[in-house]
Amino acid sequence: MRIKSGIYGLDELLGGGFHSNSVVVVVGTSGTGKTIFSLQTLLEGLRNGSRGIYISFEFGEKEVIRLAKSLGWDEIEDHINNGELEVRNFYAENVSLLSTDLVSIVNGASKADRIAIDSFTPLISPIDINARRDVNWLFSKLREKELAVVTVEEPLSGDLGRADVSIPVFLADTVINLKNLGYGEPFNRTIQIIKHRASWHAEGVFPYKILPGLGIVVEGYEMEEEKVEEILKKFGELPENIRKLAEEIAKIAGKDAERYIKLLIERYEI
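Keep in mind it's a predicted model, so treat the numbers as computed, not measured.

The helix and strand tally for the protein stands at 9 helices and 11 strands. Out of the 270 residues belonging to the protein, those deemed buried represent 51%. Of all intrachain contacts in the protein linking residues separated by at least 6 positions in sequence, the fraction that spans at least 24 positions is 70%. With the model as given, the accessible surface of the protein reaches about 13,100 Å², and the carbon-plus-sulfur share is 48%.

So, in structure tokens, the structure goes:
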């Protein structure tokens, strides 16, 4: 069974979405949007009645809510307050891969349908000989859920053969690599599907953007120009910079376009 990722334009590249009961590893350097990817997949589940857990070594509830609101996802705070999304924060120096707290969360997360661990790197760095066995065990527990997203920090050298990267990549069902090419490149951020077990997936590298109200959007997933104009007419005259963003949102957001444009306008207090 396929489930929606919540990332606009990505499901088309995955042959319809992620497999249910799978572990998705997202590899990327700082600033590529790994945390946004994690929250976006959780939000997709929450919008469809699922429950989620976000496990982080950096963000607590306040930081998650702040990031979500900066993207126009005010609803995440409601999901946290209503107990539909749980945020658990660890200090990296006080945790190991099979720490009692982490195991109890994974084992006891019976109410959660989607789990995100952001980032997985502190758990297996420095690596030891038992890490592969331990990661395999943890991933098997995560597969009991609808979906698990695990982010991994990519070394600045780009060496994906390092054990703390290669082990989770080898054991994952789907692997996605996010790149930030830097200022001045034709496509500043790119996404590549490295692996999508037992399924077709698109080959190549695809540009993506991070847009307010939408989060990560893979470019090339667009609505017809006539429909875009039809949607924008409902909002009357807009400042040029806001109109450009609204056009981008309208092209990719489909039936959700009007809701996201309203969030955009509210954010800029127009």
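Attention now moves to the pairing of strand 8 (residues 174-180). Burial of strand 8 is extensive: 5 of the 7 residues sit out of reach of the surface. With 5 bridges joining them, strand 3 (residues 22-28) and strand 8 adopt parallel strand pairing. Following the sheet pairing, V24 is matched in strand 8 by T174. With 7 bridges connecting them, strand 8 and strand 9 (residues 189-196) associate as antiparallel partners. If you follow K179 over to strand 9, its bridge partner there is T190.

As a further point, take the side chain of E44. Residue placement: E44 occurs in helix 1 (residues 34-47). In this structure, E44 is buried with no salt-bridge partner, the nearest side chain bearing the opposite charge being R47 at 5.2 Å. Apart from residues no more than four positions distant in its own chain, E44 is found in contact with K4, S5, G6 and R114.

Okay, the layout of surface pockets next. In this structure, the second largest pocket encloses a volume near 270 Å³. Lining of the second largest pocket is provided by 17 residues; of these, K34, T35, E58, F59 and D118 occupy positions nearest its centre. The element that contributes the greatest number of residues to the lining of the second largest pocket is helix 1, accounting for 3 residues.

Take the packing of helix 5 (residues 131-142) against helix 6 (residues 163-171) next. At a closest axis distance of 10 Å, the pairing of helix 5 and helix 6 adopts a crossing angle of 40°. With respect to their mutual orientation, helix 5 and helix 6 come out oblique. For helix 5 against helix 6, the interelement crossing comes out right-handed. Residues A131, R132, V135, N136 and F139 of helix 5 pack against I167, P168, F170 and L171 of helix 6. Residue composition of the contact of helix 5 with helix 6, by class: 7 nonpolar, 1 polar and 1 charged.

This brings us to helix 7 (residues 225-233). Of the positions making up helix 7, those classed as buried are V228, I231 and L232. Each buried residue of helix 7 lies within a common arc of 95° when the element is viewed along its axis, so the set occupies one face. The exposed residues of helix 7 that point more than 90 degrees off its buried face are E226, E230 and K233.

Before going further, it helps to examine the pattern of salt bridges. Under the defined criterion, the tally for this structure stands at 13 salt bridges. For the salt bridge of R133 with D134, the shortest nitrogen-to-oxygen distance reads 3.8 Å. On the basis of relative accessibility, which here comes to 16%, the residue D134 falls in the buried class. Its salt-bridge partner being E229, residue R243 comes within 3.3 Å of it at the nearest N-O pair.

A word on the nonpolar core. In this structure, L10, F18 and F37 are the most contacted members of the largest nonpolar core, which totals 36 residues. Considering each element in turn, this core owes the most residues, 6 residues, to helix 1. Contacts of F37, omitting those with residues within four sequence positions, involve I7, L10, F18, V26, V149, I176 and I216. One finds F57, I115, L123 and V135 within the second-largest nonpolar core, a separate group that totals 28 residues.

Following the sequence through the fold, H79 ends up in helix 3 (residues 75-81). Under the relative-accessibility criterion, H79 is labelled buried at 13%. Residues within four places of H79 in sequence aside, it is in contact with L43, L46, E84 and L85.

To continue, consider helix 1. Taking 1.5 Å as the rise per residue, helix 1 with 14 residues should run 20 Å; its terminal C-alpha atoms sit 20 Å apart, in good agreement. When you tally the buried positions in helix 1, you get 13 out of 14 residues, the bulk of the element. Of the residues one or two after helix 1, G49 is the one with positive phi, at around 90°.

To continue, consider the sheet that holds strand 6 (residues 114-118). Sheet strands pair via backbone hydrogen bonds, and the direction of the pair is either parallel or antiparallel. Ordered by their spatial adjacency, 9 strands build an open sheet running 5-4-6-7-3-8-9-10-11, and the pairing between neighbours is mixed. Pairing within the sheet leaves two strands with one partner each, and these edge strands are strand 5 (85-89) and strand 11 (215-218). Here the strands of the sheet are splayed against their neighbours by 25° on average, with no regard to which way each runs. As paired strands, strand 4 (residues 52-56) and strand 6 are joined by 5 bridges and run parallel to one another. Counterpart to G52 in the pairing with strand 6 is R114.

What counts as what
- Residues numbered from 1 in each chain as written.
- Predicted model: local features only at pLDDT ≥ 70, side-chain atom pairs only at ≥ 80, totals over all residues.
- Heavy atoms only, no water.
- Helix = DSSP H or I, 4+ residues; strand = E, 2+ residues; numbered from the N terminus.
- Buried < 20%, exposed > 50% of the residue type's maximum accessible area, 1.4 Å probe, protein only.
- Contact = heavy atoms within 4.5 Å.
- Areas by Shrake-Rupley, 256 points an atom, 1.4 Å probe, with all protein chains shown as cover.
- Pairing = 2+ DSSP bridges.
- Lys, Arg positive; Asp, Glu negative; His and termini not counted.
- Salt bridge = Lys/Arg side-chain N within 4 Å of Asp/Glu carboxyl O.
- 1 Å grid on protein atoms, 1.4 Å probe; cavity = no way out; pocket = protein on both sides within 12 Å on 5 of 7 lines; lining within 4 Å.
- Points joined across faces, edges and corners; volume = space filled by probe spheres on them.
- Axes fitted to C-alpha atoms, helices over the stretch in contact; angles between N-to-C directions.
- Parallel < 35°, antiparallel > 145°, perpendicular 65-115°, else oblique.
- Left-handed = near helix turned anticlockwise from the far one by under 90°.
- Nonpolar A, V, L, I, M, F, W, Y, C, P; charged D, E, K, R; others polar.
- Arc of directions from axis to C-beta.
- Core = buried A, V, L, I, M, F, W, Y, C linked by side-chain atoms within 4.5 Å.
- Expected span 1.5 Å × (residues − 1).

Just geometry here; none of it tells us what the structure is for.
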